[in-house]
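Coordinates in review
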Amino acid sequence: MKEVFRDRDYTLVGLCKSALIEAGIPIVMRNENLSSLEVPIPAFHPAVCVANNKDYERAREIILSLVAPAKVNTPDWQCESCEEENPGNFELCYSCQSTRPTK
Ligand SMILES: [Zn+2]
């Protein structure tokens, strides 16, 4: 199992989920039942995972065609101040609001 997409916007995650199901790719949802809560912690955001890692590249391409590439291409980053993991599309640390380190 491999995560392909995660976002706090459940609509977007749902869109990706439907597209992958339509393409016949077996998926597993994470944190789907938490979607109604406004959780500021990225670890609890709804996420779409492929059940089989071999489908990862294909799933990623489908998702890339649906959402802005910036959201998918940027890897998670670790905050230099508090060492929390942040999703690639966050410019500030969700935990301590430090700016993202430039590498
Ligand atoms: Zn931080």
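This write-up is about the structure you can find in this document. Keep in mind it's a predicted model, so treat the numbers as computed, not measured. Within every chain, residues take consecutive numbers counted from 1 along the sequence as written. Local features in this predicted model are restricted to residues of pLDDT 70 or higher, and side-chain atom pairs are both shown and tallied only at a pLDDT of 80 or more, whereas totals for entire chains, interfaces and linings draw on every residue. Hydrogens and water molecules were not included; the side-chain quantities draw on all heavy atoms of the structure.

A look at unusual backbone geometry
A negative phi holds for most residues other than glycine; trans holds for most peptide bonds. Rules: Strands are runs of DSSP state E lasting at least two residues, helices are runs of H or I lasting at least four, and both sets are numbered from the N terminus onward. Relative accessibility under 20% of the residue-type maximum defines a buried residue, over 50% an exposed one, and the middle range a partly exposed one, all with a 1.4 Å probe and only protein chains included.
Unlike most non-glycine residues, Glu 83 shows phi in positive territory, near 65°. Along the polypeptide, Glu 83 turns up in the loop between β4 (77-78) and β5 (85-86). A relative accessible area of 57% places Glu 83 in the exposed class. Located in the positive-phi region is Gln 97, a residue other than glycine, with phi close to 65°. In this structure, Gln 97 sits in the segment after β5.

Let's talk about the coordination of the zinc ion
What counts is decided by this rule: A 2.8 Å cut-off from the metal defines N, O and S donors, relaxed to 3.2 Å for Na, K and Ca; water is not in the atom list, so some sites may appear incomplete.
Every protein donor of the zinc ion is listed here as Cys 79 (SG), Cys 82 (SG), Cys 93 (SG) and Cys 96 (SG), and their distances to the metal cover 2.2 to 2.3 Å. Sequence spacing among the residues donating to the zinc ion works out to C-x2-C-x10-C-x2-C. Of this pair, Cys 79 sits in the loop between β4 and β5 while Cys 96 is found in the segment after β5, placing the two residues 17 residues apart along the sequence. Among the residues examined, Cys 79 registers a relative accessible area of 3% and is labelled buried. For Cys 96, a relative accessible area of 31% translates into the label partly exposed.

Comments concerning the packing of aromatic side chains
This is how the line gets drawn: In summary, the pairing rule links any two rings of Phe, Tyr or Trp, Trp by its six-membered ring, whose centres are within 6.5 Å, and it sorts them by plane angle into stacked for under 30 degrees, edge-to-face for over 60 and tilted for everything else. Put simply, a charge is over a ring when the Lys NZ or the Arg CZ is close to the ring centre, within 6 Å, and near the line of the ring normal, within 35 degrees.
For the structure on display, the rule yields 0 aromatic pairs. The ring of Tyr 56 carries Lys 2 above its face, with NZ or CZ at 4.2 Å from the centroid.

Focus: the sheet that holds strand β3 (residues 47-50)
Just so we agree on the cut-off: Only strands that DSSP links by at least two bridges are regarded as paired with each other. For helices, the fitted axis covers only the stretch in contact; all axes are lines through C-alpha atoms, and the angles between them, taken along N-to-C directions, range from 0 to 180 degrees.
Across the sheet, 3 strands lie side by side as β1-β3-β2; this open sheet has antiparallel pairing. Looking at which strands have only one partner, the edges of the open sheet turn out to be β1 (2-6) and β2 (27-30). Strand-to-strand twist of the sheet, defined as the mean angle between neighbouring strand axes without regard to direction, takes the value 30°. Bridge count for β1 against β3 is 4 bridges, and the pairing is antiparallel. Bridge assignment links Phe 5 to a residue of β3, and that residue is Val 48.

As for helix α2 (residues 56-66)
Basically, it comes down to this: Working definition: the arc comes from the directions between the helix axis and the C-beta atoms, pointing outward to the latter.
Residues of α2 that are buried include every one of Tyr 56, Ala 59, Arg 60, Ile 62 and Ile 63, and no others. Along the long axis of α2, the arc covered by the buried residues comes to 165°, so they all point the same way. Looking at α2, the residues exposed on the side facing more than 90 degrees away from the buried face are Glu 57, Glu 61 and Ser 65.

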